[in-house]
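Overview (structure and organization)
Here are the chains, one letter per residue:
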Amino acid sequence: MDKDLMLSLYRDMVRIRRFEEEAARAYTRGKIGGFLHLYIGQEAVAVGAISAVEPTDYIVATYREHGHYLARVGDMNAAMAELFGKVTGCAKGKGGSMHFFDVQKRFLGGHAIVGGHVPIAAGIAFASKYRSEPDVTLCFFGEGTANIGAFHEGMALASLWKLPVVFICENNLYSMGTPLYRTLAVEDVAVRAKGYPMQQEIVNGDDVLEVREAVRRAAKRARNESLPTLIEAKTYRFRGHSMSDPAKYRTKEEVEEWMKRDPIRILANRIYALGIANEAQLQAIDEEAKREVAEAVKFADASPPPDPAALYEDVYCEAVPEEDKIVPLSRRVQAGG
Ligand SMILES: Cc1ncc(C[n+]2csc(CCOP(=O)(O)OP(=O)(O)O)c2C)c(N)n1
C-alpha cells in the first residue's frame, strides 16, 4: 500500500466532510441561499473515482457535487464563496451550490436537472474521441437518475459510438424521499448496462480503494479501447436529500446502521491496521481541514457579491435588447418604478 496515497485519500475525504458540515451551519445562519444538497457519507465515491484518473480527464456531476469539486479542484475558498453567492466563487457567485464549475480543471458541472448531464457527458466523450484526444469523462449521478429518459439516451449513444466515458451511479438507496424499491424494477442499477450493452461493475461505495480500483479499470478501458462502463457504487447519504428535508422516511436505526460504515472511519481503520499513521496524525489532518474551512468562511464573508451588471455575462444569448433586460428591484425602487 502506498502510504502517501492512503493519507492523501484520507485528507481529501476529511476536507469534504468538514467543508460540508460548515456549509450546513452557514446555511442555517442564512449565509447561503437556494438549495444545499450534502454529500456527507458518500465521500469515498468522488475521492476514489477522481483519484483514479488523470487531472486532464473530464468530470461531470449533479447538484450533489461539492465533494467532486473539492476532489478535483480542491479550492475551498472558491467553493465556499460560490455557496455564499460571492463574485470570488467558482461560478462567479451566479451558480450557487448546484452549479460549481471550473473549465481550467475540466470540472464541467454541477447540473441541477436529474439526468440532464448524462448526454452532456456522452457529448464531451464524443468530442474527445472526434478530436483524437486521450481524455476520459467521468459522469456521476444517483440511482434515481436511472429512470430518466436522458440517462438512457446518453448510455445508448455512449455504447453505439463507443465513447470513452465512465458512468458512476452513486446508489444511496433514496431519490429524495423515495426508496429505491419504489422506483426501480431491478435491485442493481448496474444490470441496466446489459441492454445498451456495456461493461458493468458493482462496488462498495464506502470503500475508497475499491472505488478507485474499479474506476481505474474502467478508465483504462475507456482510454485504450474507447469503451464505456457503468459502475454502481453502493453507498448512503447520512443527511437529508437537501437542507430542507427532515428525512422522516428513514428510521433512526437504519441511519445508525449505515453510519457504522462511515467511509472515513473505514479508511482510518485500514490506515491504523497497516501502521501508516496513528490517531494523533489523523487528528492533525482533521484539524488542518477545520482551519482551512474556517479560512474559507472568512474569505467568502469578506468577498463582494457579483455586480448586477454581470447578470448577462456568461449566458448563451449574445445581446439582450434594452427593453428585455431585467432591471434589479433595487434600481426600480430608486427610479420610482
Ligand atoms: C428532471 C428532474 N426531475 C425532478 C427533479 C427534482 N429532483 C431533484 S433531486 C431528485 C432525486 C434524484 O435522486 P438520485 O438520482 O437518486 O440522486 P441523489 O439525490 O440521491 O444523489 C429529484 C427528483 C429534478 N431536479 N430534475
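Worth saying up front: this structure is predicted, and the values here are computed from it rather than measured.

1. So, the overall build of the protein chain
Secondary structure assignment for the protein chain yields 12 helices and seven strands. For the protein chain, whose C-alpha radius of gyration is 20 Å, the value lies close to the compact-globule estimate of 20 Å for 337 residues. Expressed along its principal axes, the backbone C-alpha trace of the protein chain runs to roughly 65 × 50 × 40 Å. Long-range pairs, those at least 24 residues apart, make up 74% of the contacts in the protein chain between residues at least 6 apart in sequence.

2. Here's the deal with the site of the ligand
What surrounds the ligand is a group of 14 residues, the closest being V114, G142, G144, T145 and S175. Broken down by class, the residue content of the shell around the ligand amounts to six nonpolar, six polar and two charged.

3. A short note on the environment of A122
With respect to the helices and strands, the residue A122 is situated in helix α5 (residues 117–130). Among the residues examined, A122 registers 27 C-beta atoms within 10 Å and is labelled buried. Expressed as a C-alpha distance, the spacing of A122 and T145, which sit 23 residues apart in the sequence, is 15 Å. The residues contacting A122, other than those within four sequence positions of it, are G154, L157, A158, L163 and V165.

4. Looking at helix α6 (residues 149–160)
A rise of 1.5 Å per residue sets the reference length of α6, with its 12 residues, at 16 Å; its end C-alpha atoms lie 17 Å apart and thus fit the reference within 8%. The elements touched by buried residues of α6 are α5 and β3 (165–171). Note on α6: the residue one or two positions beyond its end, K162, has a positive phi of about 50°.

5. Comments concerning the sheet that holds strand β1 (residues 58–60)
Strand pairing within a sheet occurs via backbone hydrogen bonds; the two strands may be parallel or antiparallel. Strand order in the open sheet formed by five strands is β1-β2-β3-β7-β6, with parallel pairing between adjacent strands. The outermost strands of the open sheet, each flanked by one partner alone, are β1 and β6 (199–204). Across the sheet, the mean angle separating the axes of adjacent strands is 20° when strand polarity is ignored. Across six bridges, the pairing between β6 and strand β7 (residues 229–234) is parallel. Following the sheet pairing, I202 is matched in β7 by E232. The sheet strands contacting helix α2 (residues 43–51) are β1, β2 (137–142), β3 and β7, and the helix crosses β3 at an angle near 165°.

6. Structural notes on helix α1 (residues 3–28)
Quick reminder: α-helices carry 3.6 residues per turn. Residues three or four places apart thus point the same way. Along its 26 residues, α1 runs 38 Å from first to last C-alpha, staying within 8% of the 38 Å computed at 1.5 Å per residue. Trailing α1 by a residue or two, G30 shows a phi angle of about 80°, which is positive.

7. Thoughts on unusual backbone geometry
Between G109 and G110 the backbone carries a cis peptide bond, its omega angle lying at 20°. Position of G110 among the secondary structure elements: in the loop between α4 (76–83) and α5. Between Y196 and P197 the backbone carries a cis peptide bond, its omega angle lying at -10°. Looking at where P197 falls in the secondary structure, it is placed in the loop between α7 (180–183) and β6.

8. Digging into the pairing of β2
Among the six residues in β2, six count as buried, and that is most of the element. Of the two faces of β2, the one lined by T137, C139 and F141 and the one lined by L138, F140 and G142 are each fully buried. Of the pairings in the sheet, the one linking β2 to β3 comprises six bridges and is parallel in character. Residue pairing in the sheet places G142 in a bridge with E170 of β3. Once you follow β2 into α6 and on to β3, the crossover reads as right-handed.

9. Some points on the nonpolar core
Counting residues in hydrophobic clusters, the biggest one holds 88 residues, and the most contacted among them are V166, I168 and I231. Beyond its immediate chain neighbours, meaning those up to four positions away, V166 contacts V136, L138, V215, A218, A219, A222, T229 and I231.

10. With respect to the pairing of β7
Across the six residues that make up β7, a large majority, six, are buried. Judged by which residues are buried, β7 turns out to be covered on both faces: T229, I231 and A233 on one side and L230, E232 and K234 on the other are all buried. Two elements, β3 and β7, share six bridges in a ladder whose sense is parallel. Bridge pairing in β7 places N171 opposite K234. With respect to chirality, the unit in which β6 leads through helix α8 (residues 208–225) into the neighbouring parallel β7 is right-handed.

Calculation notes
- Residues numbered from 1 in each chain as written.
- Predicted model: local features only at pLDDT ≥ 70, side-chain atom pairs only at ≥ 80, totals over all residues.
- Helix = DSSP H or I, 4+ residues; strand = E, 2+ residues; numbered from the N terminus.
- Rg over C-alpha atoms; globule rule 2.2 N^0.38 Å.
- Contact = placed C-beta atoms within 7 Å.
- Near = placed C-beta within 6 Å.
- Nonpolar A, V, L, I, M, F, W, Y, C, P; charged D, E, K, R; others polar.
- Buried ≥ 20, exposed ≤ 12 C-beta atoms within 10 Å, placed from the backbone.
- Expected span 1.5 Å × (residues − 1).
- Pairing = 2+ DSSP bridges.
- Axes fitted to C-alpha atoms, helices over the stretch in contact; angles between N-to-C directions.
- Right-handed = clockwise from strand over helix to strand, strands pointing away.
- Core = buried A, V, L, I, M, F, W, Y, C linked by C-beta atoms within 7 Å.

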